[in-house]
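Coordinates in review
Spelled out, the chains give:
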Amino acid sequence: MIERTDVAVIGAGLAGLVAALRLTEAGRDVVLLEASDGVGGRVRTDVVDGFLLDRGFQVLLTAYPAVRRWLDADALDLRPFAAGVVVHREGRTLRLADPFRAPFAAAASLLSPSVTPLDALRLLRWRQAILARDGRRVAARPQVTTAERLAEVGFSDGLVEGFFRPFLAGTFFDSDLTTSSRVTELVFRCFFRGDVAVPARGMGALGEQLAGRLPAGVLRLRTPVRAVRDVGDGVRAVVLDDGELHAEAVVVATDAPSLVDLPLDGAPTVPAAPARGTAAVHFDAPRSPTRGRPDLHLGAPGEGPIATLATMSDVAPTYAPSGRSLVTVSTVGVPAEDDETLVAAVRAQAHAWFGDEVDAWRPLAVQRIPYAQPRQDPGDLPELARPVAHAPGVFVCGDHRDTGSIQGAMVSGRRAADAVLAAGSVVATGSGR
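Cut-offs used in this document
Residues numbered from 1 in each chain as written. Predicted model: local features only at pLDDT ≥ 70, side-chain atom pairs only at ≥ 80, totals over all residues. Heavy atoms only, no water. Helix = DSSP H or I, 4+ residues; strand = E, 2+ residues; numbered from the N terminus. Rg over C-alpha atoms; globule rule 2.2 N^0.38 Å. Buried < 20%, exposed > 50% of the residue type's maximum accessible area, 1.4 Å probe, protein only. Contact = heavy atoms within 4.5 Å. Areas by Shrake-Rupley, 256 points an atom, 1.4 Å probe, with all protein chains shown as cover. Lys, Arg positive; Asp, Glu negative; His and termini not counted. Salt bridge = Lys/Arg side-chain N within 4 Å of Asp/Glu carboxyl O. Expected span 1.5 Å × (residues − 1). 1 Å grid on protein atoms, 1.4 Å probe; cavity = no way out; pocket = protein on both sides within 12 Å on 5 of 7 lines; lining within 4 Å. Points joined across faces, edges and corners; volume = space filled by probe spheres on them. Nonpolar A, V, L, I, M, F, W, Y, C, P; charged D, E, K, R; others polar.

Brief notes about the overall build of the protein
When helices and strands are tallied, the protein shows 14 helices and 20 strands. Scaling as 2.2 N^0.38, a compact globule of 433 residues should have a C-alpha radius of gyration of about 22 Å, and the protein matches this with 22 Å. When the backbone C-alpha atoms are referred to their principal axes, the protein occupies close to 70 × 50 × 40 Å. Counting every position in the protein, which comprises 433 residues, the buried fraction comes to 55%. Long-range pairs, those at least 24 residues apart, make up 72% of the contacts in the protein between residues at least 6 apart in sequence. Counting only carbon and sulfur atoms, one obtains 53% of the accessible surface of the protein, whose full area is about 17,300 Å².

In structure tokens, the structure reads:
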């Protein structure tokens, strides 16, 4: 069976959803094909024993420009984390707060041995410099590694080791601070301008909201794509298990590994994007170890498997059944040990932070995510916005085309859709259905 449409979009992650929305808004006939049973790609939420388990520890930065363009934040019922972090390092617990959103807590942070008066002044100047520039100017700055940029600013070793290294290990799964300074400064720009939050129904609500705005019949779940063939006359055939979908343009909106594996007839192979991986361990706890505070706890790299720990039900009570708490831990990289050994190592490190109550935590799930983000070292990013026009009639998008973030995924989807429209070969025919 052969069907026809204006544009076929492959992959209903955030990039594919935004691309499909942009194209349908422009009047194009679109079919959005998703191999799995749901939308969102890597940004999904599972329900286990009444707990909402995001697939890996994920958060939404409310200051992302794409959030304002594509999402209804009020409908997501966003629940923010506390303005600051708690760092566990060398047997000490340090609370570091944002002076602009939690001034009293930030004053206490100045008593921390990790923060010197010069650090506080330099942090203020760095913050002002990042916010004074348009985001495009930040993205265009000469890039070095994050470690080199922090040294240029003049931060002390105490602040780098006591805050930046554990924080960025949890953010980019990068303990060595090799991530591009452009990416780090763009992310901190959003940290400074808004909240870190999760939707009350879990991170999967982002994709569900986007999908809910698509016209009826556009989205097809459980529809894997086997190949894309060039059939001539400016038409591409998307090969399915039960036939072909012919389109004048194809947008491939998969993650980087899936893009490499998809045969694209007549198009060059897309180089593999190196990955940053992680594992997430979710626990059912009888009570909150953080006693109702919506804090993000950070572990020092090298002291155990925990990069981040959050009692998600303290951030959003909807994440756990009444009377229970959900504790979610993330790691840097995918640990080599088996699940039982990993859980034991996480529990041992958390025991040093919270005491014997950790013994009562019940493991709910261990998620291993080899491709959590594309690596974003300076050598990986000759430019932040990589090309989306891949071959005649073939376009690509995903966070491997922009920054490795929710912002980057949505922006790349919009860019790919705009490239399809600019190509001028696709007219609004409404021929597909």
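Brief notes about the side chain of E34
Relative to the elements of secondary structure, E34 occurs in the loop between β2 (30-33) and β3 (45-48). Despite its burial, E34 remains without a salt bridge, the nearest opposite charge being carried by R44 at 5.8 Å.

Focus: helix α13 (residues 339-354)
The α-helix winds at 3.6 residues per turn, so residues separated by three or four positions along the chain end up facing the same way. Under the 1.5 Å per step criterion, the end-to-end length of α13 is 22 Å for 16 residues, consistent within 8% with the ideal 22 Å. Taken residue by residue, α13 has L342, V343, V346, R347, Q349, A350, W353 and F354 as its buried positions. Contacts from the buried residues of α13 go to β7 (84-89), β14 (275-285), β15 (297-299), β16 (308-311), β17 (325-330) and β18 (362-374). Just downstream of α13 lies G355, where phi reads positive at about 85 degrees.

Topic: empty space enclosed by the protein
Under the definition given, this model contains one cavity of 30 Å³ or more. Space inside the largest cavity adds up to approximately 50 Å³. Together, L52, L53, D54, G56, F57, H282, M312, Y319, L326 and T328 line the largest cavity. If you list the elements that add at least two residues to the lining of the largest cavity, you get β4 (51-54) and β17. Of the residues belonging to the lining of the largest cavity, the class tally is six nonpolar, three polar and one charged.

Some words on the pattern of salt bridges
Applying the stated criterion across every chain yields a total of 31 salt bridges. Across the pair R375 and D380 runs a salt bridge whose closest N-O atoms are separated by 2.7 Å. Across the pair R415 and D402 runs a salt bridge, and its minimum N-O distance is 2.8 Å. One end of the pair, R415, is in helix α14 (residues 406-423); the other, D402, is in the loop between β20 (394-396) and α14, and 13 residues separate them in sequence. D402 shares its class with R415; the two are buried. Connected through shared salt-bridge partners, D174, R276, R375, D377 and D380 make up one network.

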